Amino acid sequence: MNLRELKKKLDDKGVPASAYSLEGHSLPETFVLSREGNGSWITYYSERGNRESLEYFYSEEDACDHFFSWLSGYY
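Summary of the structure given here.

The rules behind these values
- Residues numbered from 1 in each chain as written.
- Predicted model: local features only at pLDDT ≥ 70, side-chain atom pairs only at ≥ 80, totals over all residues.
- Heavy atoms only, no water.
- Pairing = 2+ DSSP bridges.
- Helix = DSSP H or I, 4+ residues; strand = E, 2+ residues; numbered from the N terminus.
- Contact = heavy atoms within 4.5 Å.
- Axes fitted to C-alpha atoms, helices over the stretch in contact; angles between N-to-C directions.
- Buried < 20%, exposed > 50% of the residue type's maximum accessible area, 1.4 Å probe, protein only.

Once that is clear, we can look at the sheet that holds strand 3 (residues 41–47). Pairing in this open sheet of four strands is mixed, and the strands run 1-2-3-4 from one edge to the other. Because the sheet does not close on itself, it has two edges, and the strands there are strand 1 (20–21) and strand 4 (50–57). Bridge count for strand 1 against strand 2 (residues 30–35) is two bridges, and the pairing is parallel. Bridge pairing links Ser21 to Val32 in strand 2. Together, strand 1, strand 2, strand 3 and strand 4 form the strand contacts of helix 2 (residues 60–72), whose direction differs from that of strand 3 by roughly 30°.

Here it is, written out as structure tokens:
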């Protein structure tokens, strides 16, 4: 899936938009999916200014699939 499809699936599942960022913004206590400058993708949980549970991906599809599965475990 891509970012647009991920957003729809998260909305359909009822995950609050305030719980995550798909634009790489590290808001306090949020799940984050971000595209890095080198074209790779990362996911992490932003907690007290730290990146927790950091994962790296080479494709948008892999990052989005992981992110959805990860958040599905919480919501």
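A few words now on unusual backbone geometry. Here the phi dihedral of Glu29 falls at roughly 50°; this positive angle occurs in a residue that is not glycine. Position of Glu29 relative to the elements: it lies in the loop between strand 1 and strand 2. Look at Glu29 and you get partly exposed, because its relative accessible area is 41%. Of note, Ser53 is a non-glycine position whose phi angle comes to about 55°, a positive value. Mapped onto the elements, Ser53 comes out in strand 4.

Just geometry here; none of it tells us what the structure is for.
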